[in-house]
Each structure stands twice: as C-alpha cells, then as structure tokens.
Amino acid sequence: MSDTVPSYRLSGRKNGQRIDSRVLEEMLQKAVADGHRHIQIEAFGQHGIGGRLWKAGNEPVMVRIDGHPGQRTGSLGFPNTFIEVNGPVSDDVGWLNAGAEIVVHGNAANGVANGMAQGKIWVAGNIGARGMTMTKQNPRFDPPELWVLGSVGDYFGEFMAGGVAVVCGHEPQDTGNVLGYRPLVGMVGGKVFFRGPHKGYSNAEAKSVPVSGAEWDWLAENLRIFLGKIQKIHLMEMLSDRAQWQMLVARSPLERFSKGLPAMSGFRLGTWEKELGPGGLIGDLTDLDRNRIDLITTGDLRRFVPVWENRKYLAPCEAACPTGIPVHERWRLIREGRMDEAVDLALSYTPFPATVCGYLCPNLCMQGCTRQSAFMPSVDVAQLGRRSIEARISDLPPLSGKRVAVVGGGPGGLSVAWQLRRQGHEAVVYDMSRELGGKISSVIPDSRIPREVLSAELERIREAIPHVHLQQPMSQGEVAALKTDFDLVIIAVGARKARVLPIPGKERLIPALDFLARAKAGEIRPGKRVVIIGAGNVGCDAATEAHRLGAEEITLIDIQEPASFGKEREHAEKAGARFLWPVFTAAVAEQGVTLTTGETLPADTVIVSIGDAPDLDFLPDTVETDRGFITVNDDFQTTDPRIFAIGDAVRLGLLTDAIGAGRRAAMVISEIFRGKRPLEGVRAAATDPMISLDHAVSETASHHDPLRRPIDKARVSLEYFDPRITAFDGLGQCGDQCASCGACRDCGICVEICPQTAIRRVEGDAVANGDYEYVVDSDRCIGCGFCAGACPCGVWDLVENTPMG
C-alpha cells in the first residue's frame, strides 16, 4: 500500500479495551460504504479482517493491517480487495478467498488458502499445516495462487483441485524439508513449483514433471512480482537458478487406475466381509443374506425400465412464453444450419417476432431457462428476435368464405387477425386510432423500439391483412352491424382509459398514456420538473420521455415498492429519475404535488400512471362485464356467443399475453368454422379480470397443450455446457448452448454409454412419423439408468417396471 495516499484509520481497541471482531467488521464495512478506499487497521486479534468488501463494487480497496490480526484474515475476499499485513498472521488467512490479493510480511499459521478459488496470497515466511487444501478453480477466471518464500507444513495441498502453489524454500522450517509431511494427498488438479529438499509426496495422486520453457517463463516473471510484493527483490538472483526448481502436477484418472482394479472376489472378502460381516461394523447386528446374486435381471425381471420421452414435456422456455413460441425448436433449426426456417417459425406464433421478442418483451422464456439453475446465463433469445425482422410470410391458404371483424388494431387484435388469415379465414380490422399497432405505435418510446423495425413488421402484417379501417369509432349500433356483416366479432380494444385519483386538483393530472402519445408526436413540453404518480413500467416510460424532452428533476412516487422492472426501470434510472415510496398524494396544485405528510414536491407537470381500464361503452347489452372488464370463458367467448374478447379488455397483462390470447382465440374460432366444436356450448368459469399480473405469468403453461407439462429441470444435464460463457457471440453459439430441454438432440450419448449396448437408433419406415427414435432392447437392458443420467436433454426417464402378476 502506498504511503503517499492518506488512509482512513480504524483501531481494534476503544477506550483501552479490545473490541469484538463483529464490531470491527461493521466499522470496516461502513468505512467502505462511505467511500473510503485506503484503510489502515490496528488489529488486536480480531478475526476475518478484510473479507467481503463488496460495497465498493469494482473500485479497489486497499487495507493495511498493523498489530496482530486473528484468524481468517481476508476470508471470502473479493477481487477488488488488496490486503497487506505488516507481520505474521494466524490460521486460515485467505480462507475461501474469491479474488483478494493478500501480502503477509511474516509467517502464516495453519490453513493458508484453504478452499481458495481466486486471488493471490504472498507470504514472506513459512506457513503451517494444511496450506492450499481443497482449492478449486473456476475456468472462467485465473487460477488461485499461493506464494511462500520459505517452506510449508504437513499435509500441504491436501485435496487440491486447482490453482498454483510456489514454495521457494528460502530459510525453511527446522526440519529442513520444504514440503512437510505427506503433501498432496488427494490432489486432483493444479500444480506446485518448489525448490529444496523434501521427503516425498503422495505418488498415487501427484507426479513430478520437467519445468517446461513456458512454465519457467511464467515462474520467473511472477517470481519477480512476488519478491517485489514482499519487499525482498534482492533474492531474485539466488532464486532464479532454474536447475533448483521442480514441478508437481496431479495424475490423470487413467494414470491413477492404470495399476488395475482389485477383483470383485478380493473386494468382497477383504473389504465387504471385513466391515459388514461377523465382527465388523454391523455384522453382529443383522442376519441379512449377503451372498452374491448370480443373476443380473433383464426383461420383465427388471425393477426399473428406461423410457424415451421425446417431446412429452414442454421446455421451460416454451412453457414460460405467453405466446407459446417453442424457442428450443428454433435453436434446434439453427444448430442444423436452417437459419431461415428458425427465423420464419416465429410467424406461426406472432406477427411481431422482432418488435416484441427482440425489443419489448421482458423475455419470460429467458427467465424460465434451465441454465439459470446452474448459475449460467439464459440463452439470449433477444438476438433471435432481432434477426426475425428478416422473417418472410409463407404462402397463405385460399379464403374459406368465413369472415371475422376484429375491433382493435393493437398487438392482440393484429395477432388474432394474423392467425385467422393463416388458417384461411378473412379478418377485417377496425381501430379508432390514426395508425395501426395500438400502444406499440402510439405510446412506447422510440428509445425502446426502432421505428424502422416496427414499420417493417406493420408492413408485413398489412400484406396478410389488407382490410384495415382506421379512425373508426365504435358504438352499439356499429357492433350490431358487424354481427350482421360478419360470422363472428372479436373485441381487442385494449385498456386506454386512465384511472385517476379522487383528490383536489385532479384536473391538473395528465394520464401517462396521453403524455406518452403526445411526447411521441412532439406535441408536449413537460418543463424542468416532473412528478409521476405511479412507479410501474408505464410510469418509467413516461419518465424516460420526460427526460428526453428536457426535464431535469423527475420523481416517481408510489404507495408501495415500485412494481417496475426490466428495461423500462433501467431506462428511467439512467435518466436520473428518483423513486419515492411509500408516499400518498393529498392534492395537486400549481406548485406541484402535496403529500399527506404535508410535503410538496415541486412540479411543472404531474403525470398519473396508476393503471388503465378499457372503454367498453360501445358493447351491446348481450355482453356482460365485471368490474370494468369483459367476462369471457376459457375460449375467450363472451356471454354473446358470436362475440369474443381478448387482451386488456379482458385482463391486464403484457404485450405477449395479448398476442398469445389472440393466437389461442383464433384456434378456437377456426375449430368452430371447421365444425370441430359448436358455437354455443356449455360456458366455462369466467376469467377474473383483477387477477394479478404475476399470477397471470405463472399460469402461462395453460396457454399450451393442457396434456403437456413443463419438464422437471432436474432431469436436464447441464454439465455438457461451457460455464465460462457469460455473453453469447451470435446465434450459432446461442443454439449450441441451448440444452434442448425435453427434446432429443440426437447426440447418441445414450447409445455410447449403455454398458449392455441395449439402445439403438432407428429411423425411416420403422418410425411412425418417418423421423427417428431411440429404442431399448429389453432382453439386454438391466435398468441401470445410465441413459437417463447421461442424457443432456432429460429425454430418458427411469420408471418402475410393471409388476409381474
């Protein structure tokens, strides 16, 4: 630590009395939180000094320790932490170190670098027993390093699984041996450089190898750094004699077992019977028959049998998507080099594959991705969404003669019209706005969706749905006329009527959707100070637009913790908006917003964003409503059998909820037109319009085949995928890293791993659909379950065999 930078000083003693380790820890954490980055500590045996200094983020924190630190100095250290101890240290310095760099100007006791995964520890003396034990290495990061100027104690490197240790052998301990007693027992990874005499090491787990040129270059370069850290650079010449250095590495599994395994009979007599037979651990307590079984069961005698359950279950991404897009199938097409098909497949589910999936959707599919269960990033579907701007419409079928009127040209209305036309039926769209697209076109800021992307997708929609009537207001008479002119009518008007607060000055409030529409059209200037009542995602969009239009002080207030999330919240925070909760509005005046506490938040513009409701005054009396929303059954049919309703007119939700509802409603209507279901059937329970959005999201699996449930993520083996990938470089890498949950990747691992060669792949005429499948020969299968355990996709399951009668 540089002496030229002033340090913030902490003492482990107060009023002449030693303070507890916990208290000193709290003082240190507070100092870091307050912005101090050079801290000097006078220690009096306190434990755990310098660990977990996460409040500094990525800013480096320098900690100098004088006096006598206790155990676990630098334990759980973060990569931003640099610790220098001016003297010896007690046990477990750098315990579970996760990236800190620690310099010890003296000896270190037992357990140095125990369980370390990252970081570096430099010791200017000797260390005690069990140093560098149980270390590990994440391949994403540099290996952990331990440098010791002197010697190491007994059981050094025990169960070492990764990292580099360098033992210089300068002025070793009294024994004269630099490695102590029984080093490297259980070593499975990493390497050890050492210099000086030793009495051997665990030959079963470690081996001596020559120090290569590249290894020596690394050692010499970093040796100079080490000696500089401990202020003993004068030893460089003496320690630079390459002939004195040796290197130990872990043996490979093949080398360990090359001597051969003992015979089963020898194991049974020498180990099994010795421990479990008479005189052993439990031999005198049981009369169980421990004789060997001469029969390995196959066929009907197996207790468990493997079953190939390809595509029986939904992939978690597909189950989480309200639109029902089989994302994993698109990644499969990309793996097979069928990029155009992968892009075009999305049009079977949504008319907005780029606009929504690429830019506006919170990507529930990614939130459901199995990879997250192993702390790996979800496959980036947004990349595929943006590429879908290139999607092309396949040839549309001829018109069936059936005609449907769609009232509402937003995402839900266009979705149902799109799907109906794909199934051969004519859909005519009516909307009261000046442009097609609903909220996507009129209120969502351009910062979230490029205009050219939206324009291209709307043009593609117009190619399929040429009959669109804009600026077409609706009335009960108009709806009655539509019922006469069309076979069915679908209501998809969305929710555009703002909810307001019953408070003095409410006439001064500007509804958020009105503000966003006027902002997008360039028809409003909010002034320098803006207060937004309601801190949800729409309120965040309003904050972002207010900032773009020149607002400098933007405040979002809410009665509870804001429900905003995703890109909307991120953009608002980047705009400098502040969030206040819980606060309650008492009145709105010319000066701003008055809270129930009496405080006034100054504002030139006050925006209200506490929710919206559909305007349903045009509905005929035959259509029932409940608390301002249209009542429908599970098929989106209203109390008028010839009128259906979807989207926010039924229940508030995401854009993808409306698009998915449009797709499912179109499927129902197409079945009615084909005579597969009656128009007037037994009505199901009505949808609750006030159900929470979170609950609605959790029910997305019901948007799919009700007979298919999401696959249990525990069945999917993620060990085959690279944990070092934190961001995806192109669609090809995304496809490769998709686990294809529940859908066979045709990798053949099950065939290769079966010890009985009981599994084979069949294709062509032998398979019903002409594709392929994997089948099990019951006369060879022993029900071991290797196939289920090794399958990367979770397709194989091991089930209990049918009992013999």
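Residues numbered from 1 in each chain as written. Predicted model: local features only at pLDDT ≥ 70, side-chain atom pairs only at ≥ 80, totals over all residues. Heavy atoms only, no water.

Caption draft 1: Main features of the overall build of the protein. Scanning the protein for helices and strands turns up 23 helices and 34 strands. Burial status across the protein gives 49% buried among its 805 residues. Each charge sign in the protein was given a centre, from 87 positive and 100 negative side chains, and these centres are 2 Å apart. (Helix = DSSP H or I, 4+ residues; strand = E, 2+ residues; numbered from the N terminus. Buried < 20%, exposed > 50% of the residue type's maximum accessible area, 1.4 Å probe, protein only. Lys, Arg positive; Asp, Glu negative; His and termini not counted. Charge placed at Lys NZ, Arg CZ, Asp CG, Glu CD.)

Caption draft 2: Representation of the sheet that holds strand S13 (residues 245-250) within the structure. Strand order in the open sheet formed by 11 strands is S1-S4-S5-S6-S7-S8-S9-S10-S11-S13-S12, with mixed pairing between adjacent strands. One side of each edge strand has no neighbouring strand; the edge strands of this open sheet are strand S1 (8-11) and strand S12 (206-209). With direction set aside, neighbouring strand axes in the sheet form an average angle of 15°. Strand contacts of helix H1 (residues 21-33): S1, strand S4 (38-44) and strand S5 (61-68), with the helix running at about 170° to S1, the strand carrying the most contacts. (Pairing = 2+ DSSP bridges. Axes fitted to C-alpha atoms, helices over the stretch in contact; angles between N-to-C directions. Contact = heavy atoms within 4.5 Å.)

Caption draft 3: Structural view of the state of the cysteines. This structure, assessed with the given rule, holds zero disulfides. Of the cysteine sulfurs around cysteine 369, a residue in no disulfide, the closest is that of cysteine 741, at 6.6 Å. Classification of cysteine 369 as buried rests on a relative accessible area of 13%. Left without a disulfide partner, cysteine 754 is nearest to the cysteine sulfur of cysteine 784, which lies 5.9 Å away. The exposure class of cysteine 754 is buried, given its relative accessible area of 13%. (Disulfide = S-S within 2.5 Å.)

Caption draft 4: Summary view of the pairing of strand S11 (residues 189-195). Of all the seven residues making up S11, five are buried; the element is thus mostly covered by neighbouring parts of the structure. Across five bridges, strand S10 (residues 161-167) lies against S11 in parallel orientation. By the bridge assignment, alanine 165 is partnered in S11 with valine 192. As paired elements, S11 and S13 share five bridges and run antiparallel to each other. What sits directly across from valine 192, in S13, is leucine 248.

Caption draft 5: Just the sheet that holds strand S24 (residues 585-589), in detail. Taken in spatial order, the three strands line up as S24-S25-S26 in an open sheet, and their pairing is antiparallel. In this open sheet, the two strands that pair with only one neighbour each are S24 and strand S26 (600-602). Going across the sheet, the axis of each strand differs from the next one's by a mean of 20°, ignoring polarity. Relative to S26, strand S25 (residues 592-595) runs antiparallel, the two sharing three bridges. Note on S26: the bridge partner recorded for threonine 594 is threonine 600.

Caption draft 6: Layout of the pairing of strand S6 (residues 81-85). Extensive coverage of S6 is indicated by the burial of four of its five residues. Relative to S6, S5 is paired through five bridges, and the arrangement is parallel. Directly across from arginine 64, in S6, lies its bridge partner glutamate 84. With four bridges joining them, S6 and strand S7 (residues 98-104) adopt parallel strand pairing. Each bridged residue has a counterpart across the sheet, and for isoleucine 83 the counterpart in S7 is isoleucine 102.

Caption draft 7: Quick peek at the packing of aromatic side chains. As enumerated under the stated definition, the model contains eight aromatic pairs in all. The interplanar angle of 20° and the centroid separation of 5.9 Å between the aromatic rings of phenylalanine 193 and tryptophan 218 together place this pair among those described as stacked. Highlighted residues: phenylalanine 193 in strand S11 and tryptophan 218 in helix H2 (residues 213-229), separated in sequence by 25 residues. Residues tyrosine 430 and phenylalanine 486 carry aromatic rings whose centres are separated by 6.4 Å and whose planes lie at 90° to one another, so their mutual orientation is edge-to-face. Residue tyrosine 430 is found in strand S16 (residues 426-430), and its partner phenylalanine 486 is found in the loop between helix H15 (476-485) and strand S18 (488-491); the two are separated by 56 residues along the sequence. With respect to burial, tyrosine 430 and phenylalanine 486 carry one shared label: buried. Among the aromatic residues, ring-to-ring pairing joins Trp147, Phe193, Trp218 and Phe226 into one connected group. Against the face of tyrosine 155 rests arginine 130, its NZ or CZ located 4.5 Å from the ring centre. (Phe/Tyr/Trp six-rings, centres within 6.5 Å; stacked < 30°, edge-to-face > 60°. Lys NZ or Arg CZ within 6 Å of the ring centre and 35° of its normal.)

Caption draft 8: Expanded view of the side chain of serine 151. Its place among the elements puts serine 151 in the loop between strand S9 (145-148) and S10. On the basis of relative accessibility, which here comes to 0%, the residue serine 151 falls in the buried class. Beyond its immediate stretch of four places on either side in the chain, serine 151 contacts Gly125, Asn126, Ile127, Val167, Pro172, Gln173, Asn177 and Val178.

Caption draft 9: Expanded view of helix H12 (residues 411-422). The end-to-end C-alpha distance of H12 is 16 Å, a good match for the 16 Å that 12 residues give at a rise of 1.5 Å each. Within H12, 11 of the 12 residues are buried, which leaves the element mostly enclosed by the surrounding structure. Considered for burial, the residues of H12 that qualify are Pro411, Gly412, Gly413, Leu414, Ser415, Val416, Ala417, Trp418, Gln419, Leu420 and Arg421. On its buried face, H12 is in contact with strand S15 (403-407), S16, helix H13 (439-442), helix H14 (451-464), S18 and helix H19 (655-673). Immediately downstream of H12, the backbone of glycine 424 shows phi near 95°, a positive value. (Expected span 1.5 Å × (residues − 1).)

Caption draft 10: Representation of the pattern of salt bridges within the structure. All told, the structure shown has 35 salt bridges when counted by the stated rule. The partner of arginine 332 in a salt bridge is glutamate 329, with the nearest N and O atoms 2.8 Å apart. Here arginine 332 and its partner glutamate 329 are both found in helix H7 (residues 327-335), three residues apart, which amounts to about one turn of the helix. Two residues, glutamate 570 and lysine 574, come together in a salt bridge whose shortest N-O distance is 3.3 Å. With glutamate 570 and lysine 574 both in helix H18 (residues 566-574) and four residues apart, this pair spans about one turn of that helix. Under the relative-accessibility criterion, glutamate 570 is labelled partly exposed at 39%. Classification of lysine 574 as exposed rests on a relative accessible area of 64%. Several salt bridges share partner residues, and in doing so they unite Arg311, Glu329, Arg332, Glu336, Arg338 and Glu341 into one network. (Salt bridge = Lys/Arg side-chain N within 4 Å of Asp/Glu carboxyl O.)

Caption draft 11: Spatial organisation of the side chain of glutamine 419. Relative to the elements of secondary structure, glutamine 419 occurs in helix H12. Its relative accessible area of 2% is what places glutamine 419 among the buried residues. At 3.2 Å, the side chain of glutamine 419 and the side chain of arginine 422 are in polar contact. For glutamine 419, the residues in contact, after removing those within four places along its chain, are Leu347, Ser348, Tyr349, Thr350, Arg663 and Ala666. (Polar contact = N/O pair within 3.5 Å; in protein donor to acceptor, adjacent residues only side chain to side chain.)

Caption draft 12: Molecular detail of a nonpolar patch on the surface. On the surface, a cluster of nonpolar side chains totalling about 340 Å² of accessible area is made up of Met264, Phe267 and Trp272. Structurally, the position occupied by phenylalanine 267 is in helix H5 (residues 264-276). Residue phenylalanine 267 is classed as partly exposed on the basis of its relative accessible area of 37%. (Patch = residues over 30% accessible without salt bridge, like charges linked within 9 Å, V, L, I, M, F, W, Y side chains within 5 Å. Areas by Shrake-Rupley, 256 points an atom, 1.4 Å probe, with all protein chains shown as cover.)

Caption draft 13: Fine view of the confidence of the model for the protein. Residue-level pLDDT values for the protein average 91, and 94% of them are 70 or greater. For the protein, per-element mean pLDDT is lowest for helix H20 (residues 693-698), which scores 34, and highest for S9, which scores 98. In the model, residues 682-703 has pLDDT below 50 throughout and makes 46 contacts with residues more than four positions away in sequence or in other chains. (pLDDT = per-residue confidence, 0-100.)

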